[in-house]
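Structural characterization, general
This is what each chain is made of:
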Amino acid sequence: MTLGAAGAALGGAVAFGWSGRAVADALSGFGLGGAGDLANPAEIRSVDGTLTATLKPTLSQALVDDKPRKLRRYNGGLPGPTLRLRPGDAMNIRLENALPPNPLPVPDLAEYPGLSAEDICGPPGNSHVAPHDLNTTNLHFHGLHVSPKGRSDNVFLTVEPGQAFNYRVQIPDTHPVGSFWYHPHWHGSVAAQIGSGMAGMILIEPEDYVPPGLPERQIIIQTVIGSDAAAFDDPRQFMSLSAPRIFTLNGQYRPTLRLRQGERQFWRLLLANDFQFCPLDFKAMGLKAIVVGRDGTPLREPVEVDSLLLSPGNRTDVVVEGLAPGLHDMVRQPYRHGLVDLDARTIARVHVEPGKKRSRLMPARAATPPDITDAEIVRKRTVVLGERRDRRAVFDLAFTIDGQSYDPDVWHLEPKLGTAEEWTFVNTTAYPHPMHIHINPFQVVAISGEPVPERPWYDTFVVPAAGTLTLRSRFEDFDGDFVTHCHILPHEDAGMMMNVRILP
Ligand SMILES: [Cu+2]
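Residues numbered from 1 in each chain as written. Predicted model: local features only at pLDDT ≥ 70, side-chain atom pairs only at ≥ 80, totals over all residues.

Notes on the overall build of the protein chain
Each helix and strand counted, the protein chain has 6 helices and 36 strands in total. Look at the contacts in the protein chain between residues 6 or more apart in sequence, and 76% of them connect residues 24 or more apart. (Helix = DSSP H or I, 4+ residues; strand = E, 2+ residues; numbered from the N terminus. Contact = placed C-beta atoms within 7 Å.)

What to know about the pairing of strand β11 (residues 200-204)
Summarising burial for β11: 5 of the 5 residues are buried, a large majority. Burial along β11 is two-sided: the residues Gly 200, Ile 202 and Ile 204 and Met 201 and Leu 203 are all buried. Of the pairings in the sheet, the one linking strand β6 (residues 82-85) to β11 comprises 3 bridges and is parallel in character. Along β11, the bridge assignment pairs Leu 85 with Ile 204. Where strand β10 (residues 178-183) lies against β11, 5 bridges are found, and the strand directions are antiparallel. Note on β11: the bridge partner recorded for Ser 179 is Leu 203. (Buried ≥ 20, exposed ≤ 12 C-beta atoms within 10 Å, placed from the backbone. Pairing = 2+ DSSP bridges.)

Some words on the sheet that holds strand β18 (residues 297-305)
Sheet strands pair by backbone hydrogen bonding; their relative direction is either parallel or antiparallel. Across the sheet, which stays open at both edges, the 6 strands sit in the order β13-β12-β15-β20-β17-β18 with mixed pairing between neighbours. The open sheet terminates on both sides in strands that have one partner only, identified here as β13 (246-249) and β18. When strand polarity is set aside, the average angle formed by the axes of neighbouring strands in this sheet is 25 degrees. In this sheet, β13 lies alongside strand β12 (residues 216-224) in antiparallel orientation, the contact comprising 4 bridges. Of the residues in β13, the one forming a bridge with Val 224 is Ile 246. (Axes fitted to C-alpha atoms, helices over the stretch in contact; angles between N-to-C directions.)

Here's the deal with the pairing of strand β3 (residues 50-55)
Taking every second residue as pointing to the same face, the buried face of β3 carries Leu 51, Ala 53 and Leu 55, while none of Thr 50, Thr 52 and Thr 54 on the other face is buried. Inspection of the sheet shows β3 paired to strand β7 (residues 90-96) by 6 bridges, in the parallel sense. Bridged to Leu 55 within β7 is Leu 95.

Some details on the nonpolar core
Ranked by size, the top nonpolar core spans 109 residues in total, and within it Phe 141, Trp 181, Ile 202, Ile 220, Ile 221, Leu 270 and Ala 494 carry the most contacts. Every residue in contact with Phe 141, bar those within four places of it in the chain, is listed here: Val 146, Asp 153, Val 169, Phe 180, Tyr 182 and Ile 202. (Core = buried A, V, L, I, M, F, W, Y, C linked by C-beta atoms within 7 Å.)

A word on the environment of Asn 97
With respect to the secondary-structure elements, Asn 97 resides in the loop between β7 and α3 (117-121). Taking the number of C-beta atoms within 10 Å as the measure of exposure, Asn 97 has 23 and is therefore buried. Along the sequence, Asn 97 and Pro 161 sit 64 residues apart, while their C-alpha atoms lie 5.1 Å from each other. Ignoring sequence-local partners within four residues, the contact set of Asn 97 consists of Pro 57, Thr 137, Val 159, Glu 160, Pro 161, Gly 162, Gln 163 and Ala 164.

A short note on the environment of Thr 429
As for its placement among the helices and strands, Thr 429 is situated in the loop between β28 (420-427) and β29 (433-437). Among the residues examined, Thr 429 registers 17 C-beta atoms within 10 Å and is labelled partly exposed. Sequence separation between Thr 429 and Ala 466 is 37 residues, and the spatial gap between their C-alpha atoms is 5.7 Å. For Thr 429, the contacting residues outside a window of four places in its chain are Leu 385, Gly 386, Glu 387 and Ala 465.

Some details on the environment of Gly 467
With respect to the helices and strands, the residue Gly 467 is situated in the loop between β33 (460-463) and β34 (468-474). A count of 16 C-beta atoms within 10 Å places Gly 467 in the partly exposed class. When residues no more than four places from it in sequence are discounted, the contact partners of Gly 467 are Asn 427, Ile 447 and Ser 448.

Topic: the sheet that holds strand β14 (residues 256-260)
Across the sheet, which stays open at both edges, the 3 strands sit in the order β14-β24-β21 with mixed pairing between neighbours. Taken across any chain shown, the strands that pair with only one partner, and hence form the sheet edges, are β14 and β21 (326-332). Averaged over all neighbouring strand pairs, the angle between strand axes comes to 25 degrees, with direction disregarded. Note that β14 and strand β24 (residues 345-353) share 5 bridges and pair parallel.

Description of unusual backbone geometry
The omega angle of the peptide bond from Leu 78 to Pro 79 is -5 degrees, so this bond is cis rather than trans. Along the chain, the position of Pro 79 falls in the loop between β5 (67-74) and β6. Phi angles above zero are rare outside glycine, and Asp 133 is one such case at about 45 degrees. Of note, the phi angle at Asp 402 is positive, near 50 degrees, even though the residue is not glycine. Mapped onto the secondary structure, Asp 402 falls in the loop between β26 (397-401) and β27 (411-413).

Quick notes on the confidence of the model for the protein chain
When pLDDT is averaged across the protein chain, the result is 90; 89% of the residues are at 70 or more. Predicted confidence is poor over residues 1-29, with pLDDT under 50, and the contacts of this stretch with residues over four places away or in other chains come to 57 contacts. (pLDDT = per-residue confidence, 0-100.)

Written out as structure tokens, the structure reads:
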């Protein structure tokens, strides 16, 4: 399908995320999305303050790394379309669940002596330590500071195959400027659906945020699983760290990203995946890198970095500059995942073409929230992350928060609207857990007891193996119910999630 046809099928205003200059560059055979260069995803923009879109998950065959794989995707694309809007806009999103009906669970009772089928699977939708009903879905707007209630960022909604739901999300006028994303969040099918490709970017910024002449790249890194349909419906195929995952950028396998020496490009990196971390080394790509925002919160001052770590769910907005001419590998650097070493993996190539360009362009400055002070903290809490054996879970391994796997009827934490709290996550397991808190971003205060003086803002941050993470969050603007969970989605589906209620 051509991008134009995709645009017509999306039912909204569609544009490419390129400036006029970039389009001219592309036509001349150079520049963003030009010959041999990675293109941005199709884009839907708000019109007169409202963004209207239809997201339609389907299960269909796709060619990834030249092999056919059966994937769950939005609108037949990998990733879904980028949604671009401004602070103060509203999103009207119709979610049409066109996935096939859920097969009835058929447990192999011989594997579970002494347990009945109901013990293992529970009534439909009622097993909280194992994947189930992989075609049931809903939507989460990851990182958005919006209401968690009603038709907004409400992850307690259920959209069954054949059903549709009209979301309406009002973005506040004061919403932070940056990169966000949407993905399904129905407890039990999250790992299968995001691991299969259901994700897309959301950009919130004023019209003049990215100056003309600074090409903007959206780089959506996914780690797609699936060799055939049968395999992908078996949770044992996607619940493991060592499952065969294919790194794609904007749905492309090992693409090339081109820029000229001395040229600047604005890269919006999103790790939209289920399990594996992605450390990146810009120096090794022949690039200078200046970070301007993380997880949808602008930095107070841009920071030059050599490398960065993306945890599943993280975004980093970074201005890169071509330094060293040549063809460089973009490598997912080795990562020590608890007791397991993840190898280096080439995920793309960066072609810095020799040139004399000199660009000093940067995105416009945008407001950072004020630091959360000691005086604001009304309560300090400790939250313990753990694991336990549970025969209902895949590989018999369930995950816990404060000793309990996810229970939809229990509200662990009930902060009051208009206050701020300090939470320390204590990781009693031998694996890192990137914890994500919905609705409000947080400031990282300390890692394993070591203070972090710059107190960076994130919405997802790793609690080290056998370590701790101390963070502060301010519960502003929105009361209501949401969740906190590990963004290793097989851990979430195996119980590492808890409810939070902001009391009015
Ligand atoms: Cu985890």
